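# Survey of secondary and tertiary structure
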Amino acid sequence: MEMKRRDFIQTAAAGTAAFALAGATFVPKGASAATAKPALLGGPKVRTEPFPSWPMIEENDEKAWMEVLRERGWCRTQGERGAQFEKAYAEMMGAKECIATANGTSALFCSLNGLGVGPGDEVIVPPYTFVATINVVLLQHALPIFVDSDRETSQIDAKKIEEKITENTRCIIPVHLGGNVADMDAVLTIAAKHNIPVIEDACQAHLAEWKGKKVGTMGKTGCFSFQVTKNLSGGEGGAILSDDSDLMDRCYAFHTNGRARRQGSYHFTYGQQGSNLRMTEFQSTLLVQQMTRLEAQTKTRTENANYLTQQLNEIPGIRVAKMYDGCTRNAYHLFMFRYDPERFAGLPRNKFMKALSEEGIPCSGGYSPLNKEPFLENTFKTRGYQRIYSAEQLKKWAGENECPENDKLCEEAVWFFQSMFLTGRTDMDQIAEAIRKIQANAADLAKA
Ligand SMILES: *Cc1c(COP(=O)(O)O)cnc(C)c1O
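The sections below set out a description of the structure shown in this document. Note that the structure is a prediction, hence the values are computed from the model and not measured. (Residues numbered from 1 in each chain as written. Predicted model: local features only at pLDDT ≥ 70, side-chain atom pairs only at ≥ 80, totals over all residues. Heavy atoms only, no water.)

Further remarks concern the pairing of strand S10 (residues 221–225). A large share of S10 lies buried, amounting to 5 of its 5 residues. Residues Thr 221, Cys 223 and Ser 225 point to one face of S10 and Gly 222 and Phe 224 to the other, with burial holding for every one of them. The pairing of strand S7 (residues 199–201) with S10 spans 3 bridges and is classified as parallel. Counterpart to Ile 199 in the pairing with S10 is Thr 221. One ladder, built from 4 bridges, connects S10 with strand S11 (residues 238–242); its direction is antiparallel. Across the sheet, residue Cys 223 finds its bridge partner in S11, namely Ile 240. (Buried < 20%, exposed > 50% of the residue type's maximum accessible area, 1.4 Å probe, protein only. Helix = DSSP H or I, 4+ residues; strand = E, 2+ residues; numbered from the N terminus. Pairing = 2+ DSSP bridges.)

Structural data, given as C-alpha cells:
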C-alpha cells in the first residue's frame, strides 16, 4: 500500500484510550498550549478522533459494484463500463480522449511506448516523486535524467531543465506533486523550443489547474492514478488523457496486447507489440460513482488547506509549500510543508513527527532522494544497459546526477494526507494547535 511505502505514521487512535481521555483532551487555542504537556511525554492528546477513513463507500458504489458482479461482464472486453468511464473522465477533464488502464504506472508506461521512447533515449524527470515515474523509464531501457527540485514548491525546478537537454532527450515528465502544479509555462516553452514531447504525471493531481486548464491536458499525454490512496480511487486504476488520436491508437493497442482500438475483442490480429494493462469493469463502474463526489471533495480539501496554510504561516519554522502564480487550483493530494528544527529548540524532524502523531495528527516525512537510489546503478550494471550505454555515458550520468536542493527538501519535508482535509475547520485548528503545542514544549521534547 502506498501509505506503507511512504512510511506513514499512523495515529494510534485506539478506541479505549480515546474514550478514557475524551473529557481531558481539548486544548484551547493560544497560551494554554505552552502549559499543556505533550502527549509524547504523557500529556493529553490534542485530538483523539481518527480522521475520515479513505476510500469512502456510499450506496451508489455498492449498487454499481453488485451490478457488474451479477452481470458477469467483469472484463472490459465484455462490457461498456470501461468506455463509459473514459467518456466521463475525458469530459470532466476537458480532453478529447481517455484510455482507462490498470494503474497509473501503466498509463505512464503506455505513454512512453506510444511516443516511441526506448533504449538510448534520455527522459527528464524530477527526483521528488513516487518511484513509478522513474521505473517506467527504466522499463523502456532509457536513462532517467534528474532535474533538481524547487524547495519552495516541492516541484521540479523548471528553470534547470534546459541545461539537462542533450541530443538524446526524448521526453520530459513533469510531476504535479501532491496536487500542487509544476511550472507548466516554463516546461511547455522549453519542450516546444526543443521539440520534445511532455508526459504530465498527474497521478496526484485530479482536478488541479494551471491558468484555468486542468492538469493532464497540456502535455502530449496526461497520466492519472486511481490507486486506493489517491484523491479518486478504484483500488487500483489509471487513465491516459490526450488530444492526439494517433498517439492514443498506439497507447490503446499497447494496453491490450497490440489489438487495434476500433476492432471488436474477438479477433486475433495485431498491429504492434503490447501488454495487457486493461482496467476491469469493476474499477470502471466504481470510478464513475466516485467521480460524482470528486468536485465537492476537492473544494472541501482546498478550503481547509487554505485555512490551515493561514494558520501555519504564523508559526515560525513551518514553511508551507508555495504555488506558482499559474497554479489556479491545487488539488491537495498532500499538504506539504518544510520543518526547521532551529525554530523548535533543535528538535529533530523525526521526533517532531513522532510528537505530532502522538497528539493525534498522523504525518509522513515523504520521499527520500530517488536519484540516489542504489537500484539505479544496479540497473545500469545489467547486461541490457551495458550493451546500450557506453561506460563513458554511464560515468557522465553518475557525475552529473546531483540534486542538492532536493536532498535538503527530503530532510525538511513533512506531509499530511488528503483525507485529513475532508471535514472541517475544527480539524485544521487541532493540527495547528498540536504544532504550536510541540513548539512551546520543544526543549522538553528534545531532551526526552
Ligand atoms: C501513484 C503514483 C504513480 C503510480 O500510480 P499507480 O496507480 O500506483 O501505479 C505514479 N506517479 C505518481 C507521482 C504517483 O503518485
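Moving on to the pattern of salt bridges. Per the stated rule, a full pass over the model turns up 30 salt bridges. Among the ionic pairs, Lys 396 bridges to Glu 400, the shortest N-O distance being 3.7 Å. Of the two residues, Lys 396 and Glu 400 are both situated in helix H14 (residues 391–400); the distance of 4 residues between them amounts to about one turn of the helix. Judged by relative accessible area, which is 44%, Lys 396 ranks as partly exposed. For Glu 400, a relative accessible area of 43% puts it in the partly exposed group. (Salt bridge = Lys/Arg side-chain N within 4 Å of Asp/Glu carboxyl O.)

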